Amino acid sequence: MPTTLSEKLKYFRKKNAWSLDDLATKSGASKSYLWELENRPERKPSAEKLIDIARVLDITTEYLLDDKASFDDEQVKEVFFRKFNRLDDGDKSRIMDMIDAWAQKK
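Structure report, in brief. (Residues numbered from 1 in each chain as written. Predicted model: local features only at pLDDT ≥ 70, side-chain atom pairs only at ≥ 80, totals over all residues. Heavy atoms only, no water.)

### Some points on the nonpolar core
Here is step 1 of the chain: In this structure, L9, L34, L57, I59 and L64 are the most contacted members of the largest nonpolar core, which totals 19 residues.
Here is step 2 of the chain: If you list the elements that add at least two residues to this core, you get α1 (5–15), α2 (20–27), α3 (31–39), α4 (47–57) and α5 (61–65).
Here is step 3 of the chain: Considering each element in turn, this core owes the most residues, 5 residues, to α4.
Here is step 4 of the chain: When neighbours within four sequence positions are excluded, L64 is seen to be in contact with L5, K8, L9, L50, A54 and I59. (Core = buried A, V, L, I, M, F, W, Y, C linked by side-chain atoms within 4.5 Å. Buried < 20%, exposed > 50% of the residue type's maximum accessible area, 1.4 Å probe, protein only. Helix = DSSP H or I, 4+ residues; strand = E, 2+ residues; numbered from the N terminus. Contact = heavy atoms within 4.5 Å.)

### Description of α3
Here is step 1 of the chain: Looking only at α3, the buried set comprises Y33, L34, L37 and E38. What you see down the axis of α3 is that its buried residues fit within an arc of 130°, all on one side.
Here is step 2 of the chain: Residues of α3 that are buried make contact with α1, α2 and α4. (Arc of directions from axis to C-beta.)

### Remarks on the packing of aromatic side chains
Here is step 1 of the chain: Tallying each qualifying case throughout the model produces 4 aromatic pairs.
Here is step 2 of the chain: An angle of 20° between the planes, with centres 6.1 Å apart, marks the rings of F80 and F84 as stacked. A residue pair is termed a helical-turn pair when its members lie 3 or 4 positions apart in one helix, as F80 and F84 do in helix α6 (residues 73–86) at 4 residues.
Here is step 3 of the chain: Relative accessible area serves as the criterion here: at 39%, F80 is assigned to the partly exposed category.
Here is step 4 of the chain: By relative accessible area, which is 14% here, F84 ends up buried.
Here is step 5 of the chain: Lying across the ring of Y33, K49 places its NZ or CZ 5.9 Å from the centre. (Phe/Tyr/Trp six-rings, centres within 6.5 Å; stacked < 30°, edge-to-face > 60°. Lys NZ or Arg CZ within 6 Å of the ring centre and 35° of its normal.)

Nothing here speaks to function; it is all geometry.
Set out below in structure tokens:
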């Protein structure tokens, strides 16, 4: 599993089968900026850009920045809740109803 910011960006971009152009379009960062992050380890991203990049890659900024972090269950939950919190109240309610229905099956 990748450990550095550069390796993680490249790994998750390729996992999504995205080019640098694709990630640039989705994250709002320039292609050259992303290339530098992937290929020049000394380059440090701004917090704002890193948040946008992590959001579109469905990972957390903490995971991207921590060389010792692994993408574990806690990371998956955080990404899920970040997506959930962006939903409107009606969609949140429908998801909660589905969860309640699944819980009753047991």
